[in-house]
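Breakdown of the fold
Chain by chain, the residues run as shown.
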Amino acid sequence: DELISQIAAGEVVERPASVVRELVDNALDAGAHHVTVRLLAGGVRLIAVEDDGQGIPRNELPVALKRHATSKIRSLDELESVGTMGFRGEALAAIASVAELSLLSRTPPGDSADAEHAWLLNARTGELSPAPRGVGTSVEVRELFYATPARRKFLKTDATELAHCVEAVRRHALARPDVGFAIWHEGKLVEQWRAAPPGASPEDSMAQRLGDVLGREFLDNSLPVAWRSSSDHPHPIRVWGRVGLPDFARARADQQFAYVNGRFVRDKVVSHAARAAFEDVLHGQRQPVYALFMEIDPRRVDVNVHPTKIEVRFRDSREVHQAVRHAVEDTLAASRA
Ligand code: ADP
Ligand code: MG
């Protein structure tokens, strides 16, 4: 059983950044407005993610660590149209099997009888003890791969692992301008992206966040995308975001951010479609730069393809390809008109 959970963990936890991604997913699923990530030694010694979300009731803390225990979906039907980032219920279990994990959480007042303080659960000992904390959850993950030196050896330098961790948070941050993020490494603030003010329009919030995360120069050298399939289309798709102007294109794959229903994905259909739209202007020399958000009927996309959920499968990849291609082409054409 120990072996099986270690093998399963390998698919979810490859490096510190995988842990960061899963923990931030959970914070966002819990409705957090602010997420703080604290790291030591590129995340290998410590990954702590703190949120101000709804918390975990005391009696559910041990359940949260069980494999395939999720509070997010209850039926196969719900899996078809899952609206949360998580749904497989394996992240915390997987992380706990390859590192020292503790959960510290407090639910809002009135939500549960014992919300006057937080509860701390040590995953290894199972010990549950009262502890001070405001409403929300802190997950601490220490000494990743401590019991598997072979896997620890595959990790790169702290600086490289840190860069991957920051990238993982950046992917979340681009999709959620309404949430504030901060990343600390060795006690120093590495990145901070403030939440958009409550009344701000989605467009303004997104523009602000794109500028904060990808740099002012991206904002100044990109065009807004706002596209939707015609209303008589049986399966409407909406594509929005920004694409970098052709002469701004940099040969950097990490400047390509694609989201499907709010989830960051790495997908060949989408990247190929964007490239195809740029083909004439970029002459295949450089990679386009973009942050594209696709909204599509959740029943037409399968997010349960891979444990990390970074890959998706579309029911009809042609319609997605066409939507992205048209969205980018129309944007580029409008800028030349
Ligand atoms: P999943 O996200 O797929 O449900 P996880 O293993 O990531 O599975 O988390 C297990 C459960 O723990 C979640 O379903 C949720 O109930 C609870 N949980 C984890 N992290 C948090 C958090 N930051 N805030 C509130 N609940 C959480
Ligand atoms: Mg999760």
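Counting restarts for each chain, with residues numbered from 1 along the sequence as it is written. Labels follow written order: the first chain is A, the first ligand is 1, and so on. pLDDT decides what is reported in this predicted model: residues at 70 or higher carry local features, side-chain atom pairs at 80 or more are listed and counted, and totals for whole chains, interfaces and linings draw on all residues regardless.

1. Overview of the overall build of the chain
The test is simple: Helix and strand definitions here come from DSSP, where helices need a minimum of 4 consecutive H or I residues and strands a minimum of 2 consecutive E residues; each element is numbered from the N-terminal end. It is over C-alpha atoms that the radius of gyration is taken, and the globule rule equals 2.2 Å times the number of residues to the power 0.38. Using C-beta atoms placed from the backbone, we call a residue buried if 20 or more other C-beta atoms fall within 10 Å of its own, exposed if 12 or fewer do, and partly exposed for counts in between.
Along the backbone of the chain there are eleven helices and 15 strands. Relative to the 2.2 N^0.38 estimate, which gives 20 Å for 337 residues, the radius of gyration of the chain is 21 Å and therefore close to what a compact globule would have. When its C-alpha atoms are laid out on the principal axes, the chain stretches across 65 × 45 × 40 Å. The burial tally for the chain puts 37% of its 337 residues in the buried class.

2. Comments concerning the confidence of the model for the chain
This is how the line gets drawn: Per-residue confidence from the predictor is reported as pLDDT, which spans 0 to 100.
Per-chain confidence: the chain averages 90 in pLDDT, with 92% of residues scoring 70 or above. In the model output, the complex is listed with pTM 0.93 alongside ipTM 0.99.

3. Thoughts on the site of ligand 1
Here is the rule we go by: Think of it this way: take the backbone, place a C-beta atom on it, and check whether that atom is within 6 Å of the molecule or strand, in which case the residue is near it. Any residue outside Ala, Val, Leu, Ile, Met, Phe, Trp, Tyr, Cys, Pro, Asp, Glu, Lys and Arg is labelled polar, Gly included; the first ten of those are nonpolar and the last four are charged.
Around ligand 1 sit 23 residues, and of these Asn26, Ala30, Ala64, Thr70 and Gly86 come closest. Elements that contribute at least two residues to the shell around ligand 1 include exactly helix 2 (16-29) and helix 5 (91-96). Of the residues forming the shell around ligand 1, the biggest block, four residues, is contributed by helix 2. By residue class, the composition of the shell around ligand 1 is eight nonpolar, nine polar and six charged.

4. Points about the domain arrangement of the chain
Convention followed: For the purposes of this description, domain bounds are those given by an automatic or database domain assignment. What counts as a contact here is a pair of residues whose C-beta atoms, placed from the backbone, lie within 7 Å.
According to the domain assignment, the chain consists of domain 1 (2-193) and domain 2 (215-336). On the side of domain 2, 13 residues touch domain 1, which itself brings 14 residues to the contact. If you list the elements that add at least two residues to the side of domain 1 that touches domain 2, you get helix 1 (2-12), helix 4 (76-80) and helix 7 (158-175). A total of four residues in the side of domain 1 that touches domain 2 trace back to one element, the largest contributor, which is helix 7. Residues that form the side of domain 1 that touches domain 2 fall into these classes: six nonpolar, two polar and six charged.

5. A short note on the nonpolar core
The condition is simple: Joined through C-beta atoms within 7 Å, a set of buried Ala, Val, Leu, Ile, Met, Phe, Trp, Tyr and Cys residues constitutes a nonpolar core.
Core analysis: the biggest nonpolar cluster contains 82 residues, and Val20, Ile95, Val169, Ala274, Leu292, Val324 and Val328 have the highest contact counts within it. No fewer than three residues from each of domain 1 (2-193) and domain 2 (215-336) sit in this core. In this structure, Val169 is in contact with Val20, Val24, Val37, Phe181 and Ile183, ignoring residues within four places of it in sequence.

6. Quick look at the sheet that holds strand 2 (residues 46-51)
Working definition: the strands of a sheet are paired by backbone hydrogen bonds and lie parallel or antiparallel to each other. The condition is simple: Any two strands with at least two DSSP-identified bridges between them are counted as paired. Orientation is described by axes fitted as lines to C-alpha atoms, over the contacting stretch for helices, and by angles from 0 to 180 degrees between their N-to-C directions.
The sheet built from eight strands is open, its strands ordered 5-4-3-6-2-1-7-8 with mixed pairing. In the strand order of this sheet, the two ends are held by strand 5 (128-131) and strand 8 (188-193), each with one partner. Direction aside, the axes of adjacent strands within the sheet are offset by 15° on average. Relative to strand 6 (residues 136-142), strand 3 (residues 100-106) runs antiparallel, the two being bridged by seven bridges. Across the sheet, residue Arg106 finds its bridge partner in strand 6, namely Gly136. Contacts between helix 7 and the sheet are confined to strand 1 (34-40), strand 7 (180-185) and strand 8, with strand 7 contributing the most and set at about 175° to the helix.

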